[in-house]
Amino acid sequence: MKFFLCFLTLQITCAFYSIAQQQEFLKGQIFDSKTQLPVPFATVTSSDKDFGVITNENGSFIMPKSSVDANLPIIIRCVGYEHKAIKISDFNPSGVTVFHINPKEYLIDEVKVSGKRLESKSPHEIVSLAVNSIEKNYPRDPFLLSGYYRDYLKLNTNYLNLFEAIVEVEDKGFGTNEIDDTKIRLTYGDFNKSFMLDFTKVIDYGKNKLIPFGNTRYTGGNEFFFLLQHNPIRNYKEKSFDFIKYIQSDFLIDHKFKNAGIEYIDDTPCYKIEFIYKKPGSDDFNWGNAKRVSVEETSRINYKAKGNIYIQAETYKIFRLVYQVYYDGKSNAVKLWELNLEYRDQNGLPYLNYISFNNLVEIPEWDDKRYFYHRSTEVDKQNKTLNLIFNNNVNPVSISNFKNYRLEYDGNRLKIDNITFADSCVSLSIRDFDELFGSFEMRYTGRLKVKVKNIEDCYGNKLNDVKSISAYQYREFFVNDVKKDFQSINPNQCIDQVRSMIHYIKKNGEIPNGAYFNSPLIGTNNM
């Protein structure tokens, strides 16, 4: 199963290139005028929709000033709220500007569709009709989505490694399997230099990047591909993330639904259905016990999963889905992952407007001064030793055991006659050194295998005992344009679904000299 990454129109590409070249931003925060609470996941777009962003959980947004026409209004939209038009001149040039939007709510009995009052159906019936009508209600013919993508890490209150890109997604239609048939192409992307950069935290999922209390079969580093995998509406034929799983079966069985009234999306009345995950086979809809999501773990944790689904009242099209999973710790609940997506009608068919997915991750703190590691190996012909160089001075007691070292050269096990040390260097005297290494050259380094264990540094830090830190990985895709008549993506322009958007070779978390775009269309980028 493969995803491919693809090409975009010249107009948007050039606009984004100009964005990357400047550092002036419009900063805002959106609040509910009635409750005074922040409004998350509102869309903020130029009125010509050439560029747009999404507010975060605090209702905040930031967009490059050059991305919008100063002569055109900027439109704020959010489900359940009246649209609001603002201008560039409304922004405070030296700080964050606060905007308020008005809620727009109606009672079900007040709403009519096509001249008739809404039929009385249970929340479960409404959701069942919606999820089982996906293939009928959504576009079956091929289409092309063009848009703005970004991903970033949130570490405490700091935002790191904000990567921005322009992408296109060629979708063969909802009658096909998206994972197999979708193609994607990247034409421009770069880290935003206005935000903190830490390349040691650009890590693939797997051994070094973990999801606490969770598990993913994906072991690559392409966050855009990871994002597309977590759209349960588009991937309705596939098993999605926990605890939605198969949206046409598991989602209906494993959740309790409640009708929260009618809200409007672009003047279209929609049922707002609230739901909460229940333990399968029970009527317990509150905090419950369940096995960890991780396949390997069998311990039990407390969790809570809840959300909202917005369903068009006449056609049962799903226009918006919010899903949140929490871990109930001893002191407070910790968010594990969150999905927020929205579809918008175009000529009678709903197309993706935006999708956002964030989750808690654990990553190594490579620059932690307590991290003790084997930095390099030198062949010392003069003293007939292999010198193991560490990043800290070693503990003399811990280095003396011969069993702590396993050395191989050309597949043959090497025997150690003596061990000495000086500061951060451990010297191993090798038996038959002249015979083995007399003609050794540095280009033969790959033939030498060195494994070390049970060593400590002078501070008591154990070898390769990397301390982990927790952060939230965010990914957001905002669609600027939808085409139904387009030239298909050339497969030769598609990128690797496993590699991150920008990748490089690194060792022990050291900052690279250069980075390489995951695209045949873009070359080397010197950081």
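What you see is a predicted model, and the numbers here were worked out from it, not measured in a lab. (Residues numbered from 1 in each chain as written. Predicted model: local features only at pLDDT ≥ 70, side-chain atom pairs only at ≥ 80, totals over all residues. Heavy atoms only, no water.)

Colleague: So what exactly am I meant to see when it comes to the environment of K183 here?
Modeller: Relative to the helices and strands, K183 is located in strand 13 (residues 183-191). Remark: the alpha-carbon pair of K183 and N490, spanning 307 residues in sequence, is separated by 9.0 Å. Side-chain polar atoms of K183 contact the side chain of S488, separated by 3.2 Å. (Helix = DSSP H or I, 4+ residues; strand = E, 2+ residues; numbered from the N terminus. Polar contact = N/O pair within 3.5 Å; in protein donor to acceptor, adjacent residues only side chain to side chain.)

Colleague: Mind showing me how you'd approach the packing of aromatic side chains here?
Modeller: In this description, a pair of aromatic rings is defined by centroid distance and the angle of the planes. Taken as a whole, this structure holds 26 aromatic pairs when the rule is applied. Measuring from centroid to centroid gives 6.1 Å for F61 and F91, while their planes differ by 85°, and the two rings are edge-to-face. With F61 in strand 4 (residues 60-64) and F91 in the loop between strand 6 (84-86) and strand 7 (97-101), the pair connects residues that are 30 residues apart, well separated along the chain. Aromatic side chains Y277 and Y303 sit 5.5 Å apart centroid to centroid with 55° between the ring planes, which places their arrangement in the tilted category. With Y277 in strand 15 (residues 268-277) and Y303 in strand 17 (residues 300-312), the pair connects residues that are 26 residues apart, well separated along the chain. Accessibility classification places Y277 together with Y303 in one group, the buried group. (Phe/Tyr/Trp six-rings, centres within 6.5 Å; stacked < 30°, edge-to-face > 60°. Buried < 20%, exposed > 50% of the residue type's maximum accessible area, 1.4 Å probe, protein only.)

Colleague: Even after reading the chapter, I still don't get the pairing of strand 12 (residues 158-171), so can you show me in this structure?
Modeller: The two faces of a sheet get side chains in turn, since along a regular strand they alternate between them. With respect to burial, strand 12 is a largely interior element, 12 of its 14 residues being buried. One ladder, built from 12 bridges, connects strand 11 (residues 143-155) with strand 12; its direction is antiparallel. Along strand 12, the bridge assignment pairs L145 with V169. Between the end of strand 11 and the start of strand 12, which pair antiparallel, lie two residues, with N156 showing a positive phi angle near 60°. With eight bridges connecting them, strand 12 and strand 13 associate as antiparallel partners. Paired with E164 across the bridge in strand 13 is D190. (Pairing = 2+ DSSP bridges.)

Colleague: Where do I start with the pattern of salt bridges in this structure?
Modeller: Where charged atoms from two side chains of opposite charge come close, those side chains can pair. A full pass over the atoms with the stated rule returns 21 salt bridges. Note that R406 is salt-bridged to E408, the shortest N-O span being 3.1 Å. The class of E408 is partly exposed, set by a relative accessible area of 21%. One salt bridge in this structure joins R431 and D417, with 3.0 Å as the shortest N-O distance. Residue R431 is found in the loop between strand 26 (425-430) and helix 7 (433-437), and its partner D417 is found in strand 25 (residues 416-422); the two are separated by 14 residues along the sequence. (Salt bridge = Lys/Arg side-chain N within 4 Å of Asp/Glu carboxyl O.)

Colleague: What's the story with the environment of G411 in this structure? I'm lost.
Modeller: Take G411: it is sitting in the loop between strand 23 (405-409) and strand 24 (412-413). Along the backbone, G411 and K449 are 38 residues apart, and their C-alpha atoms lie at a distance of 8.3 Å.

Colleague: Can you help me understand the sheet that holds strand 5 (residues 74-77) in this one?
Modeller: Sheets are built from strands that pair by backbone hydrogen bonding, the pairs being arranged parallel or antiparallel. Taking strand neighbours across the sheet as the criterion, the four strands line up as 3-2-5-6 in an open arrangement whose pairing is antiparallel. A single partner strand is all that each edge strand has here, and the edge strands are strand 3 (52-54) and strand 6. The sheet shows a mean angle of 20° between the axes of neighbouring strands, taken without regard to direction. Where strand 2 (residues 43-46) lies against strand 3, three bridges are found, and the strand directions are antiparallel. (Axes fitted to C-alpha atoms, helices over the stretch in contact; angles between N-to-C directions.)

Colleague: Would you mind going over the side chain of R344 with me for this structure?
Modeller: Its place among the elements puts R344 in strand 19 (residues 333-346). Discounting chain neighbours no more than four positions away, the residues touching R344 are R77, D266, L349, P350, Y351 and N353. (Contact = heavy atoms within 4.5 Å.)

Colleague: Help me understand the nonpolar core, please; the structure alone is not making it clear to me.
Modeller: Nonpolar side chains tend to gather and get buried jointly when the protein is soluble and globular. If you look at the biggest cluster of nonpolar residues, it comprises 80 residues, and the most contacted ones within it are V127, F251, I309, I311, I318, Y323 and F477. Once residues lying within four places of it in the same chain are set aside, the contact partners of F477 are S146, G147, Y148, Y149, V167, V169, F224, L227, L352, N353, Y354 and I355. Listed in part, the 22 residues of the second largest apolar core include I399, Y405, L407 and F437. (Core = buried A, V, L, I, M, F, W, Y, C linked by side-chain atoms within 4.5 Å.)

Colleague: Any chance you could explain the environment of K87 here in plain terms?
Modeller: You can see K87 is positioned in the loop between strand 6 and strand 7. In this structure K87 comes out as partly exposed when scored by relative accessible area, which is 48%. It is 9.5 Å that separates the C-alpha atoms of K87 and D69, two residues lying 18 residues apart in sequence.

Colleague: In this structure, what is going on with the sheet that holds strand 7? I would like to understand it.
Modeller: A sheet is described by the order of its strands in space; here three strands give the open sequence 4-1-7, paired in mixed fashion. The open sheet has two free edges, formed respectively by strand 4 and strand 7, since each of these has just one partner strand. When strand polarity is set aside, the average angle formed by the axes of neighbouring strands in this sheet is 30°. In the sheet, strand 1 (residues 25-32) pairs with strand 4 via five bridges, with the strands oriented antiparallel. Note on strand 4: the bridge partner recorded for F25 is P64.

Colleague: When you look at unusual backbone geometry in this model, what are you seeing that I'm missing?
Modeller: Negative phi is the rule for most residues except glycine; trans is the rule for most peptide bonds. At the junction of D242 and F243, the peptide bond is cis and its omega measures out at 15° in the coordinates. With a phi angle near 65°, Q36 is a residue other than glycine that sits in the positive phi range. Tracing the backbone shows Q36 in the loop between strand 1 and strand 2. Given a relative accessible area of 43%, Q36 falls into the partly exposed group.

In short, shape yes, function no, at least from these values alone.
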